[in-house]
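A look at the structure
Letter by letter, the chains look like this.
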Amino acid sequence: MHDILPEDQRYFQKIYNVCETLINFYGFKRIDTPILEDAALYEKGTGLTTDIVQKQMFTLRTRGGDYLTLRPEFTPAIIRAYLEHGMQALPQPMKLYSTGPVFRYEHPQVGRYRQFHQFNLEVIGDGDPVIDAQIIQIFYNILTELKFKKLIIEVNSIGDSQCRPYYKKLLVNYFRSKDSALCADCRRRMKENPLRALDCKEEKCQREVRQAPQIIDHLCEECHRHFKGVLEFLDEIELPYRLNPYLVRGLDYYTKTVFEIFEDTEEGRKMGSLVAGGRYDALVKLIGGEDTKAVGGAMGIERVIALIKDKGVSVQKFIGHPPIFLAQLGNIAKRKSLKLLEDFRGVKIQTAESLGRDSLKAQLNMADKLGVKYTLLLGQKEALEGTIIIRNMETGQQETVKLEKVVREMQKRIKK
Ligand code: HAM
């Protein structure tokens, strides 16, 4: 678990800003659920056979003897809240988003932390394949807005209770003869959740998986139609996707569509999925509600930041440069600067400063580092005369204007 220092906060802020601006457009509403929930909610929702429940939950016992779990993901808690607050009675679908920390007991390594942050979307109460495609599109748009260029979306369908049991049997039969060639985890998975063997990272298991029957060839009519629909919508919006017949996802609740989004570079593949999700048409009922179809996904913020940093993008470049730096020299100038800053705040022009510094050289160095377009210079002489110098940092040109006119003047220049 990590501290998030002031420098990194700015990456988080910028990413949340981009996410929130985008999902406001798509009509999502924010929901916050407690970080602690009954352990049983995740055991049931996330699923007893998942790595998350078997190995990764931080569970504590309260004085009253209850078992509470630090949320390892958002989805079951959101469905609990959806049911507890009678949201099924509201116009459907409910489009909900959440952000915040989630906790998993992992072996810490690149892209895997024990406390990390997700940006999570759920659309509850709609089974149309267009929604699956739209969820993928929204996450893709967020990453594109964050300047990710080489993205690849992997999709698959893992069927539903109609077709998956038969496919599982086929798979177990296939692997039965290969038992000794599988890793210990996959041998266990054969009993509990044979599909997970398909995305096992062990080389020896992958070798066997390549010959295994593929679920795509064994979907029931309904799942087949749904998946075809999703792919047609993805084609329509021209998203770069590829079918991955071995993508099964590590959570028990998925039905039909599953997807992951990666950066298609060496670092990106090492990092793992930036976004992952899928449809979960049986979870609401499992948690105690009526039959309600739903789909969603989550983006790992730390992984996104790690890849942005990997490209050598500094915080300054990422969040953008403030357009103005206000430099001052002498006591009167300092006083006037304090007032002038408020005038810029009033017209919403971000203006950097270092009022506590007296050396002009140090202030100009800072302006340089920030990469501002204009530096305003208010020296002793200017302060007495009621003027100020505007220096264009790109051309080096300087111009003196009246102090009371500088805000209007800068508004004009920045607009241009
Ligand atoms: P997930 O695949 O477990 O799905 O996690 C989603 C994303 O969280 C991953 O793609 C990754 O970016 C990030 N992530 C996962 N584990 C870690 C970790 N240990 N350290 C850093 N980042 C990590 C879910 O959580 C589902 N609830 C998504 C969903 C919502 N499905 C439907 N609705």
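Keep in mind that what you see is a predicted model, and the values were worked out from it rather than measured.

Rules of the game
Sequence positions are assigned chain by chain, starting from 1 and proceeding in written order. At least 70 in pLDDT is required for a residue's local features to be given in this predicted model, at least 80 for side-chain atom pairs to be given and counted, and no such filter applies to totals for whole chains, interfaces and linings, which use all residues. With hydrogens and water set aside, each side-chain value is computed from the structure's full complement of heavy atoms. Think of it this way: any DSSP run of H or I at least four residues long counts as a helix, any run of E at least two long counts as a strand, and we number them from the N terminus. Here the term buried applies to any residue with accessible area under 20% of the maximum for its type, exposed to any over 50%, and partly exposed to those in between, with areas from a 1.4 Å probe on protein chains only. Every accessible area reported is derived by Shrake-Rupley at a probe size of 1.4 Å, with residue values counting cover from the shown protein chains alone. Asp and Glu are treated as the negative residues and Lys and Arg as the positive ones, with His and the ends of the chain left uncounted. Charge positions come from single atoms, namely NZ of Lys, CZ of Arg, CG of Asp or CD of Glu. Here a helix's expected span is defined as the number of its residues, less one, multiplied by 1.5 Å. To be near a molecule or strand, a residue needs just one of its heavy atoms within 4 Å of it. Each polar contact in these results corresponds to two N or O atoms within 3.5 Å; when the atoms are within protein, one needs to be able to donate a hydrogen and the other to accept it, and residues that are neighboring in sequence are counted only if both atoms are side-chain atoms. The definitions used throughout rest on a 1 Å grid laid over the protein atoms alone, on which a cavity is an enclosed set of points accommodating a 1.4 Å probe that cannot get out and a pocket is an open set flanked by protein within 12 Å on both sides along at least five of seven lines; lining residues are those having an atom within 4 Å of a point. Grid points are joined across faces, edges and corners, and a volume is the space filled by probe spheres set on the points. Under the scheme applied here, ten amino acids are nonpolar (Ala, Val, Leu, Ile, Met, Phe, Trp, Tyr, Cys and Pro), four are charged (Asp, Glu, Lys and Arg), and all others, including Gly, are polar. Whether two strands pair depends on DSSP finding at least two bridges between them. Only C-alpha atoms enter the line fits that serve as axes; for helices the fit covers just the stretch in contact. Angles between N-to-C directions range over 0 to 180 degrees. Any pair of residues with heavy atoms lying within 4.5 Å of one another is described as a contacting pair. Residue ranges for the domains originate in an automatic or database domain assignment. The crossover handedness rule: strands pointing away from the viewer, path from first strand over the helix to second strand clockwise, crossover right-handed. Taking the helix axis as origin, the arc is that swept by the directions to the C-beta atoms. Aromatic rings from Phe, Tyr and Trp, taking only the six-membered ring of Trp, are treated as a pair when their centres fall within 6.5 Å; an angle between ring planes under 30 degrees marks them as stacked, one over 60 as edge-to-face, and anything in between as tilted.

Comments concerning the overall build of the protein chain
Scanning the protein chain from terminus to terminus reveals 17 helices and 16 strands. Counting only C-alpha atoms and orienting by the principal axes, one finds that the protein chain spans roughly 90 × 45 × 40 Å. Sorting the 416 residues of the protein chain into buried and exposed places 52% on the buried side. Looking at the protein chain as shown, the accessible area adds up to about 21,200 Å², and 49% of this sits on carbon and sulfur atoms. Measuring between centres, the 64 positive side-chain charges of the protein chain sit 5 Å from its 56 negative side-chain charges.

Focus: the environment of Asn24
Looking at the element boundaries, Asn24 is found in helix H1 (residues 6–25). Take Asn24: its relative accessible area is 53%, and that puts it in the exposed class. In the structure, Asn24 is positioned 73 residues away from Tyr97 in sequence and 9.9 Å away in space, judged by C-alpha atoms.

Things to note about helix H9 (residues 221–236)
Every α-helix carries 3.6 residues per turn, so stepping three or four residues along brings you back to the same face. The end-to-end C-alpha distance of H9, which contains 16 residues, comes to 22 Å, matching closely the 22 Å that a straight helix rising 1.5 Å per residue would cover. Those residues of H9 not exposed but buried are Cys223, His226, Phe227, Gly229, Val230, Leu231 and Leu234. Directly after H9, the chain includes Glu238, whose backbone phi takes a positive value near 55 degrees.

Structural notes on the site of the ligand
The immediate surroundings of the ligand are formed by 27 residues, with Glu73, Arg104, Glu122, Tyr254 and Ser273 found nearest. Take Gly111: an N or O atom from its main chain is 3.3 Å from a nitrogen atom of the ligand. Between the ligand and Glu122 there is a distance of 2.8 Å, counted from a nitrogen atom to a side-chain nitrogen or oxygen. Surface burial for the ligand is 97%, taken as the share of its 650 Å² of free accessible area covered by protein chains.

Let's talk about empty space enclosed by the protein
Within the structure shown, the criterion is met by one cavity of 30 Å³ or more. The space that makes up the largest cavity amounts to roughly 50 Å³. The wall of the largest cavity is formed by Thr49, Asp51, Arg188, Arg189, Glu192, Asn193 and Arg196. Sort the elements by how many residues they give to the lining of the largest cavity and helix H7 (residues 184–192) lands first, with three residues. Residues of the lining of the largest cavity, tallied by class, amount to no nonpolar, two polar and five charged.

Concerning the sheet that holds strand E13 (residues 351–353)
Spatially, E13-E12-E14-E15-E16 is the arrangement adopted by the five strands of the open sheet, whose pairing is mixed. Only two strands of the sheet have a single partner each, and these edge strands are E13 and strand E16 (398–402). Across the sheet, the mean angle separating the axes of adjacent strands is 30 degrees when strand polarity is ignored. Pairing geometry for strand E12 (residues 324–328) and E13, over three bridges, is parallel. Directly across from Phe325, in E13, lies its bridge partner Ala352. Helix-sheet contacts for helix H17 (residues 406–415) involve E12, strand E14 (374–378), strand E15 (387–392) and E16, and the interaxial angle to E15 is about 15 degrees.

Description of the domain arrangement of the protein chain
Split by domain assignment, the protein chain resolves into domain 1 (6–163 + 219–310) and domain 2 (321–410). Computed from C-alpha atoms alone, the centre-to-centre distance between domain 1 and domain 2 is 46 Å.

Some words on the pairing of E12
By the criterion of burial, E12 is predominantly enclosed, with five of the five residues buried. Side chains Ile324, Leu326 and Gln328 of E12 all project onto a buried face; the interleaved residues Phe325 and Ala327 project onto the opposite face, where all are buried too. Handedness of the crossover joining E12 and E13 through helix H14 (residues 331–346): right-handed. Taken together, the five bridges between E12 and E14 define a ladder with parallel strand orientation. Residue pairing for E14: Ile324 is matched across the bridge by Tyr374.

What about helix H15 (residues 360–370)?
Within H15, the full set of buried residues consists of Gln363, Ala367 and Leu370. An end-on view of H15 places all buried positions within 65 degrees of arc, on one side of the element. For H15, exposure combined with an orientation more than 90 degrees from the buried face picks out Lys361, Asp368 and Lys369. In this structure, the buried side of H15 is in contact with helix H13 (315–319), E12, E13 and E14. Among the residues of H15, the N-terminal cap falls to Ser359, whose side-chain oxygen and the backbone nitrogen of Lys361 are separated by 3.3 Å. Gly371 lies just past H15 and shows a positive phi near 70 degrees.

A short note on the packing of aromatic side chains
Remark: the centre distance and the inter-plane angle together describe each pair of aromatic rings, the angle taken between the planes. Within the structure shown, the criterion is met by eight aromatic pairs. Ring centres 6.3 Å apart and planes at 55 degrees place the aromatic pair Phe12 and Tyr16 in the tilted group. Residue Phe12 and its partner Tyr16 are located together in helix H1, separated by four residues, close to a single helical turn. No difference in accessibility class separates Phe12 from Tyr16, as the two residues are buried.

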